[in-house]
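Observations on the three-dimensional arrangement
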Amino acid sequence: RLSHASGNVVTGKIKKETKKAYFDFKGNMLDPMTGIVTTIPVSIKHSLQHEKLHQAGRIFENSGFNTFEGSENPELLIITTSICDLYAKEAVDVLKLDNKVAVLKLGTTWPLPSKLVQNKIQKAGAILFVEEIQPFIEENIKVLSAGAPYKFGEKTYFGKQSGHIPMIGELNPDLIIKALQQIFNLEYQFFSNSYKKAADKAVENCLPEREIAFCPGCPHRASFFTINKVLRLNNQDGFTCGDIGCYSLGILPGGFSTIKTLHAMGSGTGIASGFGRFSQFGMTQPVISVCGDSTFFHSAIPPLVNAVHNESNLTMVILDNSGTAMTGFQPHPGLLTGTRGEPAPGVDIADVCRAIGARTKICDPFDLEKTEKNLLEFIEKNRGVNVLILKQICALSPEKKGSKPFNMSIDEDKCIGEECGCNKICTRVFSCPALIWNQEKNSALINDILCTGCGVCAEICPADAILREKI
Ligand code: SF4
Ligand code: SF4
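Residues numbered from 1 in each chain as written. Chains lettered and ligands numbered in written order. Predicted model: local features only at pLDDT ≥ 70, side-chain atom pairs only at ≥ 80, totals over all residues. Heavy atoms only, no water.

1. Regarding the overall build of the protein
Convention followed: Each helix is a run of DSSP H or I of at least 4 residues and each strand a run of E of at least 2, with the numbering of both proceeding from the N terminus. Using C-alpha atoms as the atom set, the radius of gyration is obtained and then compared with a globule rule of 2.2 Å times the number of residues to the power 0.38. When checking whether two residues touch, look at their non-hydrogen atoms; a contact exists if any pair is within 4.5 Å. Calculation of accessible area relied on Shrake-Rupley with a 1.4 Å probe; when residues are assessed, cover is drawn exclusively from the protein chains displayed. In this count, Lys and Arg are taken as positive residues and Asp and Glu as negative ones, while His and the chain termini are left out. To locate a charge, take NZ of a lysine, CZ of an arginine, CG of an aspartate or CD of a glutamate.
In terms of regular secondary structure, the protein is built from 14 helices and 15 strands. Against the globule reference of 23 Å for 471 residues, the protein gives a C-alpha radius of gyration of 29 Å, more extended than a compact globule. Across its three principal axes, the protein shows a C-alpha extent of roughly 80 × 75 × 55 Å. Within the protein, contacts between residues at least 6 apart in sequence are counted, and of these 71% link residues at least 24 apart. Element-wise, carbon and sulfur atoms account for 55% of the exposed surface of the protein, whose accessible area totals about 27,100 Å². Charge centroids of the protein, computed over 49 positive and 49 negative side chains, lie 6 Å from each other.

In structure tokens form, the structure reads like this:
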């Protein structure tokens, strides 16, 4: 979660590098600094690796990344790492257990600083491991203690393996409070009953029900709208394999429930490529895969190569919003800026796809008609590997934010609401959060503050009641 962001930082003085980069390969073959870089001879390199690990372990014993807070002889020692350190400290604070509980935060988790760990465990009554995902520290410290029981002493260990910390999901302070309550047999109520009742009531009465949806003006909404429409027009039970990015929302009603498989990055086209070979077993359903521009460079090129090489039948739709939107607009090789914002040569996605051997077209997903025509053409032929690049910048991208190409409004006299073919297709089906239903006037309404003026909703209204005026 912490890495899902980018932002400005104030740097200190940046050291000017005086050394010239030089690859020194002329030294002794076994010297890792000047010899050739390879894993052979394996046993010697393996022993060097172990030597390095020992050395790192020795350095970690006194590393400032490992911190200890609390009494030297606590009733309970929490051993933790990462953000769980903050959760643990908050839980100790809430339960006012500072005089009984100490917290050892390990910033260097491998190799473990075994002497530091042993020293702290020796003086503690019991141990609670607080860590996310696998019980890594827990298992490794237990192994250490089993190897030298006389040094660690007889201790009770709590953690994931004892069931005090959940094995699945992310942690939070409440979960640590629960574990401490169990260990110390404490009564603690997170919220009073009256507070809970009032909070539930507030949620029920004050917050409108909302589905998870794409942002106002998001090009992915338009893309999925068209993909969905084309699959219905084609009427062959075609389906879409999804990938990882904002557009994974295509699996939910907000994305018209378009995505039918969703796994790891790059998997969409890999899976689609497999489905695209099933024609030999009589499968006639058109297969679409979607991936973003960043995912394309990260991990969708190899499956595209495989699809072409294996003569698969599929249409890959690249939802190119010119950025890594979901994680904070980090640059990728398709952009004209590098990691530090400097100009950089962009790699053209269409050129790459054509070079691989895929029939490739590009269009703007806000141009619903053209997108529909191109996609329908591809899936109706349902032969070979096709790529449709839907290029439109993310509504939240720094280049686009604040700019509004169209002023949008509703012609209330023209709006026919429930009669408009799909019962308020704009607010109920297309569901841009900036489109709302005005109960009093019995007409659609555009929320000017939310609307980015992308203009695409004007294309979906069958009554021409959504008006766009170029700014
Ligand atoms: S604005 Fe158009 S699409 Fe929306 S409810 Fe009215 S007629 Fe239907
Ligand atoms: S123009 Fe229409 S689709 Fe685009 S942000 Fe505004 S209301 Fe939403």
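2. Looking at the sheet that holds strand E5 (residues 156–158)
Stated formally: Pairing between two strands requires that DSSP report at least two bridges joining them. A fitted line through C-alpha atoms serves as each axis, taken over the contacting stretch for helices, and the angle formed by two N-to-C directions is quoted from 0 to 180°.
Spatially, the 5 strands line up as an open sheet ordered E1-E3-E2-E4-E5, and their pairing is mixed. Two strands lie at the open edges of the sheet, namely strand E1 (67–69) and E5, each paired on one side alone. Direction aside, the axes of adjacent strands within the sheet are offset by 20 degrees on average. One ladder, built from 5 bridges, connects strand E2 (residues 76–80) with strand E4 (residues 126–130); its direction is parallel. Note that in E4 the partner of Ile79 across the bridge is Phe129. Contacts from helix H4 (residues 136–147) reach E2, E4 and E5, with the element oriented near 150 degrees to E4.

3. Examining the site of ligand 2
Short version of the rule: Here a residue is considered near a molecule or strand provided that any single heavy atom belonging to it is located within 4 Å of it. Gly counts as polar in this scheme, as do all residues outside two lists: the nonpolar Ala, Val, Leu, Ile, Met, Phe, Trp, Tyr, Cys and Pro, and the charged Asp, Glu, Lys and Arg.
Around ligand 2, the surrounding shell holds 14 residues, and the nearest of these are Cys432, Cys451, Cys454, Gly455 and Cys457. Of the residues that constitute the shell around ligand 2, the class distribution is 10 nonpolar, 4 polar and no charged.

4. Observations regarding a nonpolar patch on the surface
The condition is simple: Excluding any residue in a salt bridge, patches collect residues exceeding 30% relative accessible area, merging like charges within 9 Å and nonpolar Val, Leu, Ile, Met, Phe, Trp and Tyr side chains within 5 Å. Any carboxyl oxygen of Asp or Glu that lies within 4 Å of a side-chain nitrogen of Lys or Arg is treated as forming a salt bridge with it. Buried, partly exposed and exposed residues are distinguished by accessible area as a fraction of the type maximum, computed with a 1.4 Å probe on protein chains only: under 20%, between the cut-offs, and over 50%, respectively.
On the surface, Phe23, Phe25, Met29, Leu30, Ile36, Val37, Ile40, Val42 and Ile44 cluster together into a nonpolar patch covering about 820 Å² of accessible area. Structurally, Ile40 can be placed in the segment before helix H1 (42–60). Under the relative-accessibility criterion, Ile40 is labelled partly exposed at 45%.

5. Side note on the sheet that holds strand E10 (residues 359–363)
With parallel pairing, the 6 strands of this open sheet are ordered in space as E7-E6-E8-E9-E11-E10. Each edge of the open sheet carries a strand with a single partner, namely strand E7 (259–261) and E10. In this sheet, neighbouring strand axes are inclined to one another by 30 degrees on average, regardless of whether the strands run parallel or antiparallel. Examined bridge by bridge, strand E6 (residues 239–241) and strand E8 (residues 287–292) share 3 bridges and lie parallel to one another. Considered in E8, the bridge of Phe239 is made with Val287.

6. Concerning helix H12 (residues 368–381)
What counts is decided by this rule: One less than the number of residues in a helix, times 1.5 Å, gives the span that helix is expected to have.
Between its first and last C-alpha atoms H12 spans 20 Å; for 14 residues at 1.5 Å apiece the expected length is 20 Å, and the two agree. Buried residues of H12: Leu368, Thr371, Glu372, Asn374, Leu375, Leu376, Phe378 and Ile379, and no others. Looking at the buried residues of H12, the elements they touch are helix H8 (219–234), E8, strand E9 (314–320), E10, strand E11 (385–391) and helix H14 (457–460). Among the residues trailing H12, Asn382 stands out with phi positive, at a value near 45 degrees.

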